[in-house]
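Structural features, examined
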Amino acid sequence: MKHIGFTVVLGLWLCGFAMFATQGASQPTQATGRVEWIDIHVHLVGGRGSLQDYQAAIRGALGAMEESGIRKMVVMPPPQIYGNPGNHEYDSFAEVLKRYPTRFAFLGGGGSLNPMLQAANGTEVSNDLRREFEDKANEILQRGALGFGEITAHHLSHVPGHPYESVAADHPLLLLLVDIAGRNNALIDFHFDLVTEEMKAPEWLSSPPNPRLFRPNLAAFERLLEHNRKAKIVWAHAGSDMLGNWTIELSRRLLVRHPNLYMSLRLAPGRAPQNHPLSRDNEIRPGWLQLLRDFPDRFVIGGDQFFVSPSVRGGGPGVEFSQRAPMNRERTRVFLAALPADLSRKIALENAIRLYRLKD
Ligand SMILES: [Zn+2]
Ligand SMILES: [Zn+2]
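Cut-offs used in this document
Residues numbered from 1 in each chain as written. Chains lettered and ligands numbered in written order. Predicted model: local features only at pLDDT ≥ 70, side-chain atom pairs only at ≥ 80, totals over all residues. Heavy atoms only, no water. Core = buried A, V, L, I, M, F, W, Y, C linked by side-chain atoms within 4.5 Å. Buried < 20%, exposed > 50% of the residue type's maximum accessible area, 1.4 Å probe, protein only. Contact = heavy atoms within 4.5 Å. Donors = N, O, S within 2.8 Å, 3.2 Å for Na, K, Ca; no water. Helix = DSSP H or I, 4+ residues; strand = E, 2+ residues; numbered from the N terminus. Expected span 1.5 Å × (residues − 1). 1 Å grid on protein atoms, 1.4 Å probe; cavity = no way out; pocket = protein on both sides within 12 Å on 5 of 7 lines; lining within 4 Å. Points joined across faces, edges and corners; volume = space filled by probe spheres on them. Nonpolar A, V, L, I, M, F, W, Y, C, P; charged D, E, K, R; others polar. pLDDT = per-residue confidence, 0-100. Pairing = 2+ DSSP bridges.

What follows concerns the nonpolar core. Core analysis: the biggest nonpolar cluster contains 98 residues, and Phe-148, Phe-221 and Phe-335 have the highest contact counts within it. Not counting residues up to four positions away in its chain, the partners in contact with Phe-335 are Leu-265, Leu-267, Pro-277, Leu-278, Ile-284, Leu-292, Ile-301 and Ile-347. Leu-156, Leu-205, Met-242 and Leu-243 belong to the second largest nonpolar core, which has seven residues in total.

Below, the structure written as structure tokens:
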């Protein structure tokens, strides 16, 4: 039974990884050189949650860094809700990560602030709740986090067992969080499945838990971005769009209007591969190249790689998706190698170092 429990837990927090398999299967035909990069969006699955267990997952991450030329990683707990077995927050792994200060940094809140936010959906936010939320956010920063993640206002349920998460992107607790981030020069890693117009749920999404009808959420997102320009928001999974709305044109419009908006690229196509930077031949699509050239300082690499402790037994989607991380790394390498060298260096390294204030 224990193994079944782990399998369920692992299935909960995959952030869209499920879409990697079919579109990314072709072998790269170009750009064979080694490239160094920083991955600012990584998750660890520690099984039983002991330090020892996270140590094993971190060893896996270190091995992958060595093999693929990843200089540093920013680790964060996935965006969770209350009540799921296996929930974890940054303090599960932060002490172990601190043993490798040149290799890892971390964000917090996915296992504490995000559940509070989701539970406050549609309810009045009391002063007590605001205070509790703010105290937790301040504690996360005091413990050494560079910011807050993974936080979501809209997360599809795209694999069995994954919760559907949805709150207004301008929810009072999110406005409070951007104010805290702005005050502290911290950033927010934000998962946000975009809906630009009312649309029916596509066939590949089951309803429930997803709604049959998705309501537009872009205007609320823009209000969040406008609320405090000092707060840097890193919109996760650029290029790995699920509902077909996160187009190049939309990215361009938002990057022009919102100077505090950044995007982290996940180099695996989502359910809308037309919005992915790489063609089927692993060439960078011209529209994407132009977007990156026009906003060279606004993109970083966020692979959404999972590393699972070997103590986690049995199969299940979590183990399966962590096994796909090598393909994700290879696609990232191909992408970076195909970019002009100066642009590649910014997206691979320089932007992450500046934005996250990473130390050498
Ligand atoms: Zn995510
Ligand atoms: Zn994630």
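From this point, the discussion proceeds with the structure in view.
Turning our attention to the coordination of the zinc ion (ligand 1). Protein coordination of the zinc ion (ligand 1) is provided by Glu-150 (OE), His-191 (ND1) and His-237 (NE2), with donor distances spanning 1.9 to 2.1 Å. Sequence spacing of the donors to the zinc ion (ligand 1): E-x40-H-x45-H.

A separate point is helix α7 (residues 172-183). Compared with the 16 Å implied by 1.5 Å per residue over twelve residues, the 17 Å span of α7 between its first and last C-alpha is a close match. The set of residues buried in α7 consists of Leu-173, Leu-174, Leu-176, Leu-177, Val-178, Ile-180, Ala-181 and Gly-182. The secondary structure elements touched by the buried residues of α7 are α5 (113-119), α6 (127-142), β5 (147-155), β7 (187-192), α8 (218-227) and β10 (232-238). Residue Asn-185 follows α7 closely and has a positive phi angle near 55 degrees.

The space that makes up the largest pocket amounts to roughly 260 Å³. Around the largest pocket sit 15 residues that line it, and Pro-101, Phe-104, Ala-105, Leu-146 and Lys-359 are the ones nearest its centre. Residues that form the lining of the largest pocket fall into these classes: eight nonpolar, two polar and five charged.

This brings us to the confidence of the model for the protein. Per-residue pLDDT for the protein averages 89, and the proportion of residues at 70 or more is 88%. Across residues 1-30, where pLDDT falls below 50, the model places 103 contacts with residues more than four positions away in sequence or in other chains.

Of all six residues in strand β2 (residues 70-75), five are buried; the element is thus mostly enclosed. Bridge analysis of strand β1 (residues 37-45) against β2 gives four bridges, and the strand direction is parallel. From the neighbouring strand, Asp-39 faces β2, where its bridge partner is Met-73. Where β2 lies against strand β3 (residues 104-106), three bridges are found, and the strand directions are parallel.

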